[in-house]
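Observations on the model geometry
The lines below spell out each chain.
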Amino acid sequence: QVHLVESGGGLVQSGGSLRLACAATGDIGSAFRFESLAWHRQAPGKQRELVAHISKESRTNYLDSVKGRFTISRDNAKKMVYLQMNGLKPEDTAIYYCTLGGPDKDWKSLVGLTWGQGTQVTVSS
């Protein structure tokens, strides 16, 4: 079984920055480099949003509202995926989840994903 553990969430002022990290553990090994990775978020009273996606070739896609502010990256040797968040806004407040898996051709697909437990990001105005 593959497990994902997020870290780096917290409370930050509007305009601030935060770097989220997600570590993959368990039965993944060298196969990690062949998997797509993504960050999602869910705020109270709102639907889940796919924030950022990175393919095995390190091609990236972003939610329009975070383009130019957020950057997703991966480290295959460490089996890690990161989300650098700059210029944070109150509307970025949510629980952030990392995921592993899914087809690269359909980056918004939720089929066959492994999910982490999430980390809380709170941006004060």
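Fair warning: this is a prediction, and the values are worked out from it, not measured in the lab.

**A few points about the overall build of the protein**
Along its length, the protein carries 0 helices and 11 strands. Listing every helix and strand of the protein by position from the N terminus yields β-β-β-β-β-β-β-β-β-β-β. Computed over the C-alpha atoms, the radius of gyration of the protein is 14 Å, within 12% of the 14 Å expected from 2.2 N^0.38 for a compact globule of 125 residues. Based on the C-alpha atoms only, the size of the protein along its principal axes is roughly 40 × 25 × 25 Å. Buried residues in the protein amount to 42% of all 125 residues. Across the protein, the fraction of contacts at a sequence separation of at least 24, relative to all contacts at a separation of at least 6, is 57%. Taken as a whole, the protein presents about 6500 Å² of accessible surface, with 49% of it coming from carbon and sulfur. Where the 15 positive side-chain charges of the protein centre and where its 11 negative ones centre are 3 Å apart.

**Brief notes about the nonpolar core**
Grouped together as the largest cluster of nonpolar side chains are 28 residues, with contacts concentrated most on Trp39, Phe70, Ile72, Val81, Leu83, Met85 and Tyr96. Not counting chain neighbours up to four residues away, the residues in contact with methionine 85 comprise Gly16, Ser17, Leu18, Leu20, Arg69, Phe70, Tyr96 and Val121.

**Focus: the sheet that holds strand 7 (residues 70-75)**
What the 4 strands build is an open sheet, ordered 1-3-8-7; its pairing is antiparallel. In this open sheet, the two edge strands, each paired with only one partner strand, are strand 1 (2-7) and strand 7. Across the sheet, the mean angle from the axis of one strand to that of its neighbour is 15 degrees, orientation sign disregarded.

Thresholds applied
- Residues numbered from 1 in each chain as written.
- Predicted model: local features only at pLDDT ≥ 70, side-chain atom pairs only at ≥ 80, totals over all residues.
- Heavy atoms only, no water.
- Helix = DSSP H or I, 4+ residues; strand = E, 2+ residues; numbered from the N terminus.
- Rg over C-alpha atoms; globule rule 2.2 N^0.38 Å.
- Buried < 20%, exposed > 50% of the residue type's maximum accessible area, 1.4 Å probe, protein only.
- Contact = heavy atoms within 4.5 Å.
- Areas by Shrake-Rupley, 256 points an atom, 1.4 Å probe, with all protein chains shown as cover.
- Lys, Arg positive; Asp, Glu negative; His and termini not counted.
- Charge placed at Lys NZ, Arg CZ, Asp CG, Glu CD.
- Core = buried A, V, L, I, M, F, W, Y, C linked by side-chain atoms within 4.5 Å.
- Pairing = 2+ DSSP bridges.
- Axes fitted to C-alpha atoms, helices over the stretch in contact; angles between N-to-C directions.

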